[in-house]
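Spelled out from the first residue to the last, the chains are:
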Amino acid sequence: MNNNNYNELHDASHSFEAVIGLEVHSQLLTKTKMFCSCQNIFGKEPNSMVCPVCLGLPGALPVINFEGVRLAVKAALALNININKKSLFARKNYFYPDLPKGYQISQYLDPVSSNGYLNIETDGVEKRIRINRLHIEEDAGKLIHIGSESYVDLNRAGTPLVEIVSEPDMSSAKEAVSYLKELRDILVYQGISDGNMEEGSFRCDANVSVRRKGDEKLGTRAEIKNVNSFKFVEKAIDYEIGRQIDLILSGGNIIQETRLYDSKENVTRSMRGKEEAHDYRYFEEPDLPPLILDEEFIEKVKNSISELPQSKRKRYADEYALTSYDCEVLTQDKNIAYYFEDLIKVNAVNNKGKVEIKKIANWVINDLLFALKGIENQPALKKGNMPEQEDFFNLILEVETGNINKNTGKIVLTEMLLTGKKPADIIKEKNLAQVSDEKGLEGIIKQIFDENSKELTDLISGKDKLFGFFVGEVMKKTKGKANPKKVNEILKNFIEEKKN
Amino acid sequence: MDLSNLTIHQINDLLKCREVKSVDITDSYIKRIKEIDPIISAYLYNDFEEALSNAEDADKIIQKNSDFPYLTGVPLSIKDIFLIKGKRTTCASKILDNFISPYDATVIKRLKKNNYVFIGKTNMDEFAMGSSTENSAYKITKNPYDLNRVPGGSSGGSAASVSADLCAGSFGTDTGGSIRQPASLCGVVGLKPTYGLISRYGIIAFSSSLDQAGVIANDVLDAAIMLKAAVGFDEKDQTTRKLEIKNYPEIVKKADKLTMKGLKVGIPVEFFSEGLDPKIYLKIMEIKDLLKGLGASIVDISLPDTKYSVAAYYVIATSEASSNLERYDGIRFGSRFNEDKNLQSLDELYKKSRELGFGKEVKRRIILGTFALSAGYYDAYYKKASLVRKLIIKNYKDSFNNVDIILGPTSPTPAFLIGEKMSDPLSMYLSDIYTISINLAYLPALSLPIGAVENPTKKGGVLPVGLQLISPWATEERLLSVAKVIEDEVKFREKYTPVM
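Residues numbered from 1 in each chain as written. Chains lettered and ligands numbered in written order. Predicted model: local features only at pLDDT ≥ 70, side-chain atom pairs only at ≥ 80, totals over all residues. Heavy atoms only, no water.

> What exactly am I supposed to notice about the interface of chain B and chain A here?
Quite often, the size of an interface is put as the accessible area lost when its parts meet. Every contact between the two is made by 39 residues of chain B and, on the other side, 31 residues of chain A. Across the interface of chain B and chain A, roughly 2,800 Å² is buried in total on both sides, 58% from carbon and sulfur atoms. Area buried by chain B at its contact with chain A is led by Gln238, Glu326 and Arg327 of chain B, which between them contribute 26% of it. For Arg281 of chain A, the salt bridge is made with Glu326 of chain B, and the minimal N-O distance between the two is 2.5 Å. Across the chain B-chain A interface, the total number found is 19 residue pairs in polar contact (both at pLDDT 80 or more). Broken down by element, the residue count for the side of chain B that touches chain A peaks at five residues, all from helix 10 (residues 309-324) of chain B. Along the lines of polarity and charge, the residues of the side of chain B that touches chain A split into 18 nonpolar, 11 polar and 10 charged. (Contact = heavy atoms within 4.5 Å. Buried area = accessible area lost by both parts, 1.4 Å probe. Salt bridge = Lys/Arg side-chain N within 4 Å of Asp/Glu carboxyl O. Polar contact = N/O pair within 3.5 Å; in protein donor to acceptor, adjacent residues only side chain to side chain. Helix = DSSP H or I, 4+ residues; strand = E, 2+ residues; numbered from the N terminus. Nonpolar A, V, L, I, M, F, W, Y, C, P; charged D, E, K, R; others polar.)

> When you look at the environment of Arg88 of chain B in this model, what are you seeing that I'm missing?
Residues and elements named next belong to chain B. Relative to the helices and strands, Arg88 resides in the loop between strand 2 (75-79) and helix 4 (106-113). What makes Arg88 partly exposed here is its relative accessible area of 30%. It is 4.3 Å that separates the C-alpha atoms of Arg88 and Ile100, two residues lying 12 residues apart in sequence. Apart from residues no more than four positions distant in its own chain, Arg88 is found in contact with Tyr45, Asp80, Asp97, Phe99, Ile100, Lys121 and Tyr138. (Buried < 20%, exposed > 50% of the residue type's maximum accessible area, 1.4 Å probe, protein only.)

> Looking at this model, I keep getting lost on the packing of helix 16 (residues 466-477) of chain A against helix 17 (residues 484-499) of chain A. Mind explaining?
Packed helices, taken two at a time, are described by the angle between their axes plus the distance between the axes. Residue and element names in this part refer to chain A. Closest axis-to-axis distance for the helix 16/helix 17 pair is 10 Å, and the angle between their directions is 130°. As summarised for this structure, helix 16 and helix 17 are arranged oblique, according to the angle between their axes. When you trace helix 16 past helix 17, the crossing you get is right-handed. The residues of helix 17 that touch helix 16, namely those facing Phe467, Phe470, Val471, Val474 and Met475, are Pro484, Val487, Asn488, Leu491, Lys492 and Ile495. Here the residues of the contact of helix 16 with helix 17 sort into nine nonpolar, one polar and one charged. (Axes fitted to C-alpha atoms, helices over the stretch in contact; angles between N-to-C directions. Parallel < 35°, antiparallel > 145°, perpendicular 65-115°, else oblique. Left-handed = near helix turned anticlockwise from the far one by under 90°.)

> Is there a simple way to explain the packing of aromatic side chains in this structure?
How two aromatic rings sit relative to each other is set out by the distance from centre to centre and by the angle between their planes. Under the criterion given, the structure shown has 33 aromatic pairs over all chains. Note on Phe95 of chain A and Tyr350 of chain B: the rings are 5.3 Å apart at their centroids and 45° apart in plane angle, and the pair reads as tilted. With one member in each of two chains, Phe95 of chain A in the loop between strand 4 (90-93) and strand 5 (103-106) and Tyr350 of chain B in helix 11 (residues 346-357) form a pair that bridges those chains. With relative accessibility at 30%, the residue Phe95 of chain A sits in the partly exposed group. Judged by its relative accessible area of 5%, Tyr350 of chain B falls in the buried class. Here Phe232 of chain A and Tyr261 of chain A contribute two aromatic rings whose centre-to-centre distance is 5.9 Å and whose plane-to-plane angle is 50°, an arrangement assigned as tilted. (Phe/Tyr/Trp six-rings, centres within 6.5 Å; stacked < 30°, edge-to-face > 60°.)

> Quick question: what am I supposed to make of the side chain of Ser87 of chain A here?
Residue and element names in this part refer to chain A. Within the secondary structure, Ser87 sits in strand 3 (residues 86-87). Since its relative accessible area comes to 0%, Ser87 is described here as buried. There is a polar contact of 3.1 Å between the side chain of Ser87 and the side chain of Gln107. Aside from chain neighbours lying at most four places away, what touches Ser87 is Gln107, Asp110, Pro111, Val112, Pro290 and Leu291.

> So what exactly am I meant to see when it comes to the sheet that holds strand 15 (residues 283-284) of chain A here?
Whether parallel or antiparallel, the strands of a sheet pair through hydrogen bonds between backbone atoms. Spatial strand order, 5-4-15 (chain A): three strands in an open sheet with antiparallel pairing. The two strands at the open ends of the sheet, each matched to only one other strand, are strand 5 and strand 15 of chain A. Examined bridge by bridge, strand 4 of chain A and strand 15 of chain A share two bridges and lie antiparallel to one another. In the strand pairing of strand 15 of chain A, Arg91 of chain A is matched with Phe283 of chain A. Along the sheet, helix 10 of chain B contacts strand 4, strand 5 and strand 15 of chain A; its crossing angle with strand 4 of chain A, the most-contacted strand, is approximately 60°. (Pairing = 2+ DSSP bridges.)

> Please clarify how unusual backbone geometry should be interpreted in this entry.
Most of the time, phi is negative for any residue but glycine, and the peptide bond is trans. A cis amide bond, omega 10°, links Gly153 of chain B with the succeeding residue Ser154 of chain B. For Asn266 of chain A, which is not a glycine, the phi torsion comes out positive at approximately 55°. Relative to the elements of secondary structure, Asn266 of chain A occurs in the loop between strand 13 (257-262) and strand 14 (267-273).

> How should helix 9 (residues 334-349) of chain A be read in this particular structure?
For the α-helix, the turn length of 3.6 residues means that residues three or four positions removed from each other point alike. With 16 residues, helix 9 of chain A extends 23 Å between its outermost C-alpha atoms, agreeing within 8% with the 22 Å of an ideal straight helix rising 1.5 Å per residue. Of the residues flanking the start of helix 9 of chain A, the one acting as N-cap is Asp333 of chain A, its side-chain oxygen 2.6 Å from the backbone nitrogen of Asn335 of chain A. (Expected span 1.5 Å × (residues − 1).)

> Could you clarify how one ought to interpret a nonpolar patch on the surface in this entry?
Side chains of Ile144, Ile146 and Tyr151 of chain A sit close together on the surface and give an oily, nonpolar patch of about 280 Å² of accessible area. Judged by relative accessible area, Ile146 of chain A falls into the exposed class, the value being 53%. (Patch = residues over 30% accessible without salt bridge, like charges linked within 9 Å, V, L, I, M, F, W, Y side chains within 5 Å. Areas by Shrake-Rupley, 256 points an atom, 1.4 Å probe, with all protein chains shown as cover.)

> So what exactly am I meant to see when it comes to the nonpolar core here?
Considering soluble globular proteins, one finds that nonpolar side chains tend to be buried as a cluster. With 166 residues, the main nonpolar core has Phe82, Phe127, Phe171, Tyr396, Leu480 and Ile486 of chain B as its most contacted residues. Sequence-distant contacts of Phe127 of chain B, that is, excluding residues within four places in its chain, are made with Cys91, Ser93, Ile95, Leu96, Ile204, Phe206, Leu325, Tyr328, Phe358 and Val362 of chain B. Formed by 63 residues, the second largest nonpolar core is a distinct cluster that contains Val73, Ala76, Phe230 and Ile245 of chain A. (Core = buried A, V, L, I, M, F, W, Y, C linked by side-chain atoms within 4.5 Å.)

> Explain the sheet that holds strand 2 (residues 82-83) of chain A here, please?
Taken together, nine strands build an open sheet; the order of strands is 2-6-7-10-1-11-12-13-14 (chain A) and the sheet is mixed. Each edge of the sheet is formed by a strand with only one pairing partner; in this case those strands are strand 2 and strand 14 of chain A.

> Help me understand the domain arrangement of chain A, please; the structure alone is not making it clear to me.
By domain assignment, chain A separates into domain 1 (7-297), domain 2 (309-429) and domain 3 (438-499). Here the C-alpha centroids of domain 2 of chain A and domain 3 of chain A sit 34 Å apart. (Domains from an automatic or database assignment.)

> What is the right way to read the pattern of salt bridges from this model?
Opposite charge on two side chains allows them to pair when their charged atoms are near. Applying the stated criterion across every chain yields a total of 55 salt bridges over all chains. Put simply, Asp205 of chain A and Lys225 of chain A hold a salt bridge, and the shortest N to O gap is 3.4 Å. A residue pair is termed long-range when its members are at least 10 positions apart, and Asp205 of chain A in strand 11 (residues 202-212) and Lys225 of chain A in strand 12 (residues 222-225) qualify at 20 residues. Notably, a salt bridge pairs Glu341 of chain A with Arg315 of chain A, separated by 3.1 Å at the nearest N-O pair. Linking Glu341 of chain A in helix 9 with Arg315 of chain A in helix 7 (residues 309-320), this pair joins segments that are 26 residues apart in sequence. Within this structure, Arg91, Glu285 and Asp287 of chain A together with Arg200 and Asp237 of chain B form a network of salt bridges that share partners.

> Got a minute to help me understand the pairing of strand 10 (residues 445-454) of chain B in this structure?
Within a regular beta strand, the side chains point alternately toward one face of the sheet and then the other, so they alternate between its two faces. Residues and elements named next belong to chain B. Most of strand 10 is tucked away: nine of the 10 residues are buried. Pairing analysis gives three bridges linking strand 5 (residues 189-192) to strand 10, with the strands arranged antiparallel. Residue pairing across strands places Leu191 opposite Leu446, the latter belonging to strand 10. In this sheet, strand 11 (residues 462-470) lies alongside strand 10 in antiparallel orientation, the contact comprising nine bridges. In the strand pairing of strand 11, Leu448 is matched with Leu467.

In structure tokens form, the structure reads like this:
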């Protein structure tokens, strides 16, 4: 292809727009599986978390796990999706070795919830993505291929899932990722899902089509299956958009098909076409009664929803005047956000002194999160690893009131994280309190002057740079405990005196 | 002493006054099975060692207690569709040839609590699909009244085992008549309770919304005793209901012909039309007159939509079956037919296992049901059949506004010859024409032997005729009481016994 052609093609590609809809499957954090009482737990010995029901043995029958229903309803309410008070379970029939019954219990014509939306922000632009439905279903097992043999592990079979289907309202890979991230944030925040894409507890299929700008009619779509990270979702969609535009521009036709993303080559490849598409023969699950939800239940679930990350960010910016970066970092993980909010509460009620909220935010973002990441072999950001809110606040106070300096503060924090001890105890044990006592500091400074008389003469004669040298010497002698403010003051006074 | 021609309540009387032991009774049955069953072929397999050990356990309980459940020490046969832990359960299919059940059906658990004696698994149509037991993959069961004739089906082995005194009673299942029709053909009592009255957990599913376990017994009181032991809500089957458990045996004992006065008995015109053997018609009319003589008022009624019941039934039942039978894929349990090392793919393994594992009728129904649920045909078949089902439910509901009980024939003909209908599935399907609509309407019904007609192929021989009684939802006590009154009048057991 010569350059001219390329440019033509490149320009032509700008006259297309992409249309993207996402189907998200998210496992629910229930104790037991969706239709039996086996534990819902990851990483156990293959086929150890199974029973007649999830093995699909003859005669076994499903029983609805109401904790799963509760979490699905909670997810729907958090995503502004209407709850359907009567919904039906349905069978989705197909053969595969990881599907023990030969059908998946899902919902089809009457899902537990339908018609909702999620507001997303991409590069500063807000957009509302409509959600078609959220329904309850069960996960399949897993196939493990070793050499020429395949093994079936059914521990995952029957794990509760919600499938969340968006309308085709996204027009770029970036928007798709914003939607996914926002969706995952909400589910993780509300304790509905652990949102783990690598372990497959949060999965995404993308329906991608392109059309010429201004066209009303949707193009033929391809479905990209199971892409297991945000990065790959973006890459896969971008690749697919490019592939479809190139194909149309070179006179080809898009066919409706399922494609798999190959992350090594960064391409999508055809998995099966429309002709080979399954006919799932959905019909009402005769083993389960209709799912009836009453107003009281829905109201109860509604009340259990905590503040969503989006509204937290807005509130932090409005009430505490935090930067958008600060808000973002503080709300990324619900445990951090709740921790931060607890610190604000402690600040409000304690009678030892008040700290600016911006400062508290800085402590959390710059010091606490940094320290947590620095501790080896400790999974960062887990709730259990955080110091007690009261203790962390006291540490901030120790620094803000000048009892210890900032650097010592960081040392104390690390010690708190490793040992769980209280800051006051650590300061006392390690004798870390700042030396603020003037007499003592004056003595030390005089001694340093005596030991460094040449530098002192130079400083007095105008070599101001040496001021820092003397501060450093004081810190060395006091092992970093000297109150830097006091040291500055005393030094300045002495030198002024000497100058005069 | 021959102890193998007793009813359950007679056995209970003997055990109570400690005249005999369960071991003696069980031994009598074992001797009789060894002698007679090679001719009848009611059983797929027996476990006499287990039976005697059950009997010994029962005897210990009887020794220690003056009060024990009715079924204690009573040898019962079980249709090979119920899972019994540690026992082979084939559903009369090659595909489950090697299947040993790892768990107990809820019914079996309840029977064990009642200290019953398990004497053997009875023959049936493969996966309960059929009306003659000729569809068993293993053997053909003979009607004890004429060895050239079928016992009916699908619970033909169960009915024959009771009729030929090869057990004291039997548990079967009824999806479209599979208890009532063989009971009628073999001259015993067959009760199909209300859908949801007895747990389906651990019963191999044919059509989940129609399947219902029930009892086959020598007389009405025995049926009441067996029913009481099996009914009740089961948390493992969400289609069971939390209903008050009635004391059926006590109710039956109090049944009095005086209570027939004022009883409104419905005679549906549709049950007495073309296709009904005139000799059976006359027998049913005798009962009508009998009840009238006892003071009952006879009301002609119409169930106009029941003429669609066979069509609707074969759509719904085969659709559900096509899905229920998907788990038999040769992957996890049952027979895997992979001796042919040339199998190239997973699909071929599925195909081979299902081709060799399923019989002709099962395949026919899987194909019918798969077709009925296919994209593009769902509305025309499954959906329409479900609408017809609603109409049939309404027909019955409307009728029961005016009558207390409905009376008609169980089967259009007495027992037919082995092989007579095997080449004509439609004529076989029509042998359930009077029983099917009751399953569609979730109602209880009972078949009671009321007499016999001349056997045209056996000089001096007779063939039993069954009367069907149908009552409103969850009113088994009414069925049993009316049946008991008729039973006392016609004295079938005193007049007829199989001649083998």
